[in-house]
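Structural overview
Letter by letter, the chains look like this.
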Amino acid sequence: MARVISGNGNSKSRALRVLYNCAKCPAYCCTYDRVDVTRRDVARLAKHFGVTYEQAEKRYTKISSGDRVLKQHQDHIFKKACMFLDQEKRQCTIYDARPAVCRVYPDSLRCGYYDFLASERRRQCDDEFIPDA
Ligand code: SF4
Ligand code: SF4
């Protein structure tokens, strides 16, 4: 999820070969209900914000169906989004401290949502169209 340009993390060199462009996407992957965090992720967040592990866990995460996940805020595009998404720029605000799952997403040369987004934008002849996900 979210890269240099949004919640999803592609380095410049990687962006040369992947078949999606996070800069043209409203950061759909940062609006997933569940962004799982590990103990290591919580520790990284604690260090980033200069708080204790327990404070980071309480402030930035919650339990969902038995697993620890990042908290969300309301979002004007997708109703809810990760609390660390800049909702105007559609960028991750904690890029260097983002959880492991965000670092590897989408773990492929393609992003399914981006394929869908690009297809719908071509169909609508509108480069900024955002389909319901
Ligand atoms: S921490 Fe949140 S905003 Fe940042 S990449 Fe992950 S899901 Fe997106
Ligand atoms: S949904 Fe895909 S294209 Fe959009 S920000 Fe996430 S990884 Fe990038």
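Here is what the cut-offs are and how they apply
Along each chain, the written sequence defines residue order, and numbers are assigned to residues from 1. Here every chain gets a letter starting at A, and every ligand a number starting at 1, in the order they are written. Restriction of local features to residues with pLDDT of at least 70 applies here, the model being predicted, together with a cutoff of 80 or more for giving and counting side-chain atom pairs; totals for whole chains, interfaces and linings are based on all residues. Runs of H or I in DSSP of at least four residues are treated as helices and runs of E of at least two as strands, each being numbered from the N terminus. Any residue with 12 or fewer other C-beta atoms within 10 Å of its own C-beta is exposed, any with 20 or more is buried, and the rest are partly exposed; the C-beta atoms used are placed from the backbone. C-beta atoms are first placed from the backbone for all residues, and any pair lying within 7 Å is then listed as a contact. Note: the arc covers the axis-to-C-beta directions of the helix. Only buried residues count toward a nonpolar core: Ala, Val, Leu, Ile, Met, Phe, Trp, Tyr and Cys, linked into one set through C-beta atoms within 7 Å. Throughout, an axis means a line fitted to C-alpha atoms (over the contacting stretch in the case of helices), and angles, computed between N-to-C directions, take values from 0 to 180 degrees. If an angle is under 35 degrees, it is roughly parallel; if it is over 145, roughly antiparallel; if it lies from 65 to 115, roughly perpendicular; otherwise it is oblique. Note that Gly is not counted as nonpolar here; it falls among the polar residues with everything else outside the nonpolar set of Ala, Val, Leu, Ile, Met, Phe, Trp, Tyr, Cys and Pro and the charged set of Asp, Glu, Lys and Arg. One confidence number per residue, pLDDT, is output by the predictor and ranges from 0 to 100.

**Focus: the overall build of the protein chain**
- The number of helices and strands found in the protein chain is five helices and six strands.
- Counted from the first residue to the last, the protein chain has its helices and strands arranged as α-α-α-β-β-β-β-β-β-α-α.
- Expressed as a percentage of the 133 residues in the protein chain, the buried residues total 34%.
- Considering only intrachain contacts with a sequence separation of at least 6, the fraction spanning at least 24 residues in the protein chain is 54%.

**Overview of helix α2 (residues 39-49)**
- Looking only at α2, the buried set comprises Asp41, Val42 and Leu45. Looking straight down α2, one finds that the buried residues subtend no more than 100° of arc, so they occupy a single side. Those residues of α2 that are exposed and aimed more than 90 degrees away from the buried face are Arg39, Arg40 and Lys47.
- In the core, the buried residues of α2 are packed alongside α3 (53-60), β1 (61-64) and α4 (100-104).

**Some thoughts on the nonpolar core**
- Counting residues in each nonpolar core, the largest one holds 27 residues, and the members touching the most others are Cys30, Val35, Cys82 and Leu85.
- Only α2, α3, β2 (67-70), β4 (79-82) and α5 (112-124) provide two or more residues apiece to this core.

**Quick word on the packing of α2 against α3**
- Close contact between α2 and α3 brings their axes to 8 Å; oriented N to C, the two are set at 100°. Here α2 lies roughly perpendicular to α3, going by the angle between them. Touching Val42, Ala43, Leu45, Ala46 and Phe49 of α2 are Tyr53, Gln55, Ala56, Glu57 and Tyr60, all from α3.
- Split by residue class, the contact of α2 with α3 holds eight nonpolar, one polar and one charged.

**A few points about the confidence of the model for the protein chain**
- Per-residue pLDDT for the protein chain averages 90, and the proportion of residues at 70 or more is 87%.
- The low-confidence segment residues 3-14, where pLDDT is below 50, has 42 contacts with residues more than four positions distant or belonging to other chains.

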